[in-house]
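Breakdown of the fold
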Amino acid sequence: MRNAIKKLGEAELEIMQVIWDSENPVTSNYILKELQGRRKWQLSTLMTSLTRLSDKGFVSCDRSMGSNLYTSIISENEYKVGVSRHFLERLYNNSIQNMVATLYSDKAIKDSDIEELRNFLDNLEDEQE
């Protein structure tokens, strides 16, 4: 992975979700339309956020077609891995076992969640054999 991935704010994450969900580069008007109902933004507010996302290295802007087309530079999975790794390091001393134990002891996860995790890990082991 590249250098540490910067964390996105809630609004930035919503913008990135629209871009990640699209198979093609998108315009700011497309993003604004997709965010309707979640954000009461003017186009200028969105443009400020898109500039910030570009400065952080999350999106690129192609201005060659007459309208700005935004494309993600960092994939959704790459972002999730980076943020998850940082979260695990900071809160659980880089131990998945500590995280699961904390969540289980606080009843944040149920026995069925543990069973689902066990099945997932068994399937991973089967695939590697």
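Here is a short report on the structure shown in this document. (Residues numbered from 1 in each chain as written. Predicted model: local features only at pLDDT ≥ 70, side-chain atom pairs only at ≥ 80, totals over all residues. Heavy atoms only, no water.)

1. Things to note about the overall build of the chain
Counting its regular elements, the chain contains six helices and two strands. Ordered by position from N to C terminus, the α and β elements of the chain give α-α-α-β-β-α-α-α. Computed over C-alpha atoms, the radius of gyration of the chain comes to 19 Å, more than 25% over the 14 Å expected from 2.2 N^0.38 for 129 residues, which places it beyond the range of a compact globule. Projecting the C-alpha coordinates of the chain onto the three principal axes gives extents of approximately 55 × 35 × 25 Å. Across the 129 residues that make up the chain, the buried fraction comes to 26%. Sequence separation of 24 or more characterises 47% of the internal contacts of the chain that already satisfy a separation of 6 or more. (Helix = DSSP H or I, 4+ residues; strand = E, 2+ residues; numbered from the N terminus. Rg over C-alpha atoms; globule rule 2.2 N^0.38 Å. Buried < 20%, exposed > 50% of the residue type's maximum accessible area, 1.4 Å probe, protein only. Contact = heavy atoms within 4.5 Å.)

2. Topic: the packing of aromatic side chains
Counted under the stated rule, the structure contains three aromatic pairs. Seen from their ring centres, Phe 58 and Tyr 79 are 5.7 Å apart, and the 70 degrees between their planes marks the pair as edge-to-face. With Phe 58 in the loop between α3 (43-55) and β1 (59-62) and Tyr 79 in helix α4 (residues 76-92), this residue pair connects regions lying 21 residues apart in the sequence. For the pair shown, Phe 58 and Tyr 79 are each scored as buried. Ring centres of Phe 87 and Tyr 92 lie 5.8 Å apart, and the angle between their planes is 65 degrees; on these two criteria the pair is classed as edge-to-face. One aromatic cluster is present, built from ring pairs that chain together Trp 20, Phe 58 and Tyr 79. (Phe/Tyr/Trp six-rings, centres within 6.5 Å; stacked < 30°, edge-to-face > 60°.)

3. A word on the nonpolar core
The biggest cluster of nonpolar side chains holds 21 residues, and the ones touching the most others in it are Ile 15, Ile 19, Ile 31 and Phe 58. Sequence-distant contacts of Ile 15, defined by excluding residues within four places in its chain, comprise Ile 31, Leu 35, Trp 41, Leu 46, Ser 49, Leu 50 and Leu 53. (Core = buried A, V, L, I, M, F, W, Y, C linked by side-chain atoms within 4.5 Å.)

Shape descriptors only; they carry no functional weight alone.
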